[in-house]
Amino acid sequence: MQTNLADFIKGTPDGDEAEAILRACVHCGFCTATCPTYQLLGDELDGPRGRIYLIKQVLEGAEPTRKTQLHLDRCLTCRNCESTCPSGVKYGRLADIGRRVVEERVPRTLKNRIKRATLKEFLPRAGLFKPAFRAGSALRALLPKDLQDKLQPARAAGRWPTRTHARKMLVLEGCVQPAMAPSINAATARVLDAVGVQLLVAPQAGCCGAVRYHMNDQAGGLDDMRRNIDAWWPYIEQVEAIVMTASGCGVTVKEYGHLLAHDPHYAAKAARISLLTRDLSEILPQFEAQLALQMAGKGAQRVAFHPPCTLQHGQQIRGKVEGVLRAVGVDVVLCLDSHLCCGSAGTYSVLHPEIAHELRDRKLANLAATGAGEIVSANIGCVTHLQSGTATPVTHWIELVDRMLAPVAPG
């Protein structure tokens, strides 16, 4: 695609990156076939090709409007289009650049500003979110249904292993996961302990940066990333990997090297952090045989796996979770249209609940059709969003492995 960027962005790092992405797009339209919002809304401007046109116009000097902003806001950033695109267009990066420019030029309503400011200042701070989550859970019955949906009962974490091992890995605590699902990282620690790996936590590490960055507070998101790098750096020579138990965090941390490439103080460190970062599903395949021996005879009922967009499209990881689960005796299945987003998408389900709930209900109907008695996923956002619409248990897949590893109680 031919481009003629405006002076305000031409020659800048964002401008050079956007121009390369735009020039890669041939407007074939394959992306529209796998875009969830285009499927629901049927508007070309609510699909990747239309949004690319809008961003191109803005970067070439056209004045954006609230309509431009709405079409960009309604994108889930699921990046399904990236998996579909034959030309390798990096739509997610272009969307971040375009949204930031539009955010600077199109004032939002007071109500919208308050909602977005609350989310981006509150969610990344675990010290604020955890007590508020507990208070909300205690008063859940008195709250509006939309808030009740977000306050699913948290499963107890259980014990954290105390054994030391020569092999060590770091895990990101995250921002909302310690309050909403402390069981996930604890289960990960127990499973890794069982195969001889010690899981460490850097106390000062927190939100991966995705919340602020993808809500157009990119400076704030980059600050969160720098804080994590500083928190992890003293451990860097001790560990062989930084484990991500939330795929939404994983896709962001793997991009630290790119996002901080122009920061002279953090570029080299960020690149090393990204190279060390692994989704949990990339770690456990090496231990499949060992886990299978420890779980012999503990086959589980059929479960349906919902692969998060941040895993299958953002990180381009497919089949690894299913492979681990099948290796340890689980009958795991994927549902129809498993490539499509469930509607969670970080803060999206709060900002665009109608679209998010319609996508959730479609996904749950397909998952129910598998006949599985449990749904497992790999991201806290997907787990919470899906659970809000079904009585079928929805858990992180590592929690299933942890349950299977637990000693059988004497009958």
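Look a little higher up for the structure.
Report on the accompanying structure. (Residues numbered from 1 in each chain as written. Predicted model: local features only at pLDDT ≥ 70, side-chain atom pairs only at ≥ 80, totals over all residues. Heavy atoms only, no water.)

A few words now on the overall build of the protein chain. A count of helical and extended segments in the protein chain gives 24 helices and 8 strands. Taking 2.2 N^0.38 as the reference for a compact globule, 411 residues should give roughly 22 Å; the C-alpha atoms of the protein chain span a radius of gyration of 21 Å, in line with that estimate. When its C-alpha atoms are laid out on the principal axes, the protein chain stretches across 70 × 45 × 45 Å. Per-residue burial over the protein chain gives 55% buried out of 411 residues. For the protein chain, contacts bridging at least 24 residues in sequence account for 75% of all contacts bridging at least 6. Total accessible area on the protein chain is roughly 17400 Å²; 56% of this is exposed by carbon and sulfur atoms. Charged side chains of the protein chain number 48 positive and 40 negative; the gap between the two group centres comes to 3 Å. (Helix = DSSP H or I, 4+ residues; strand = E, 2+ residues; numbered from the N terminus. Rg over C-alpha atoms; globule rule 2.2 N^0.38 Å. Buried < 20%, exposed > 50% of the residue type's maximum accessible area, 1.4 Å probe, protein only. Contact = heavy atoms within 4.5 Å. Areas by Shrake-Rupley, 256 points an atom, 1.4 Å probe, with all protein chains shown as cover. Lys, Arg positive; Asp, Glu negative; His and termini not counted. Charge placed at Lys NZ, Arg CZ, Asp CG, Glu CD.)

A few words now on the sheet that holds strand β4 (residues 277-279). As summarised here, the arrangement of the 4 strands in space is β2-β1-β3-β4, forming an open sheet in which the pairing is parallel. Bordering the open sheet on either side are β2 (197-201) and β4, each of which pairs with just one other strand. Adjacent strand axes in the sheet meet at a mean angle of 40°, parallel and antiparallel pairs treated alike. One ladder, built from 2 bridges, connects strand β1 (residues 167-171) with strand β3 (residues 242-244); its direction is parallel. Opposite L170, over in β3, you have I242 as the bridge partner. Its contacts with the sheet put helix α11 (residues 182-194) on β1 and β2, and the angle it makes with β2 is roughly 150°. (Pairing = 2+ DSSP bridges. Axes fitted to C-alpha atoms, helices over the stretch in contact; angles between N-to-C directions.)

Within the open sheet, the 4 strands sit side by side as β6-β5-β7-β8. Their pairing is parallel. Sheet topology places β6 (330-333) and β8 (394-396) at the edges, where each strand pairs with a single neighbour. Across the sheet, the mean angle separating the axes of adjacent strands is 35° when strand polarity is ignored. Here strand β5 (residues 300-305) pairs with strand β7 (residues 374-377) via 3 bridges, running parallel. Within β7, the residue paired with V303 across the bridge is E374.

Membership of the largest hydrophobic core comes to 78 residues, with the highest contact counts inside it found for W232, Y256, L284, L291, L325, W397 and I398. Among the elements that line this core, the one with the most residues is helix α24 (residues 397-405), at 6 residues. In this view, W232 contacts L170, L172, A202, A205, I242, M244, V253, Y256 and I273; residues no more than four positions away in its chain are not counted. Judged by nonpolar contacts, the second largest core, of 23 residues, contains L22, C31, L59 and C75. (Core = buried A, V, L, I, M, F, W, Y, C linked by side-chain atoms within 4.5 Å.)

Let's shift gears to unusual backbone geometry. Notably, R79 is not glycine yet its phi reads approximately 65°, a positive angle. Looking at the element boundaries, R79 is found in the loop between α4 (66-73) and α5 (80-84). Backbone geometry places A345, a non-glycine residue, at a positive phi of 50°. By secondary structure assignment, the location of A345 is in the loop between β6 and α21 (348-351).

Across all of its chains, the model carries 29 salt bridges by this definition. Two residues, R23 and E19, come together in a salt bridge whose shortest N-O distance is 3.4 Å. Placement of both R23 and E19 in helix α1 (residues 13-24) is noted, with a separation of 4 residues, approximately one turn of the helix. The exposure class assigned to R23 is partly exposed, which follows from its relative accessible area of 42%. The residue E399 makes a salt bridge to R155 at a minimum N-O spacing of 2.9 Å. Within this pair, whereas E399 is found in helix α24, its partner R155 is found in the loop between α9 (145-150) and β1, the two being separated by 244 residues in sequence. Of the residues examined, R155 reaches a relative accessible area of 33% and is grouped as partly exposed. (Salt bridge = Lys/Arg side-chain N within 4 Å of Asp/Glu carboxyl O.)

The analysis is restricted to geometry; functional conclusions fall outside its scope.
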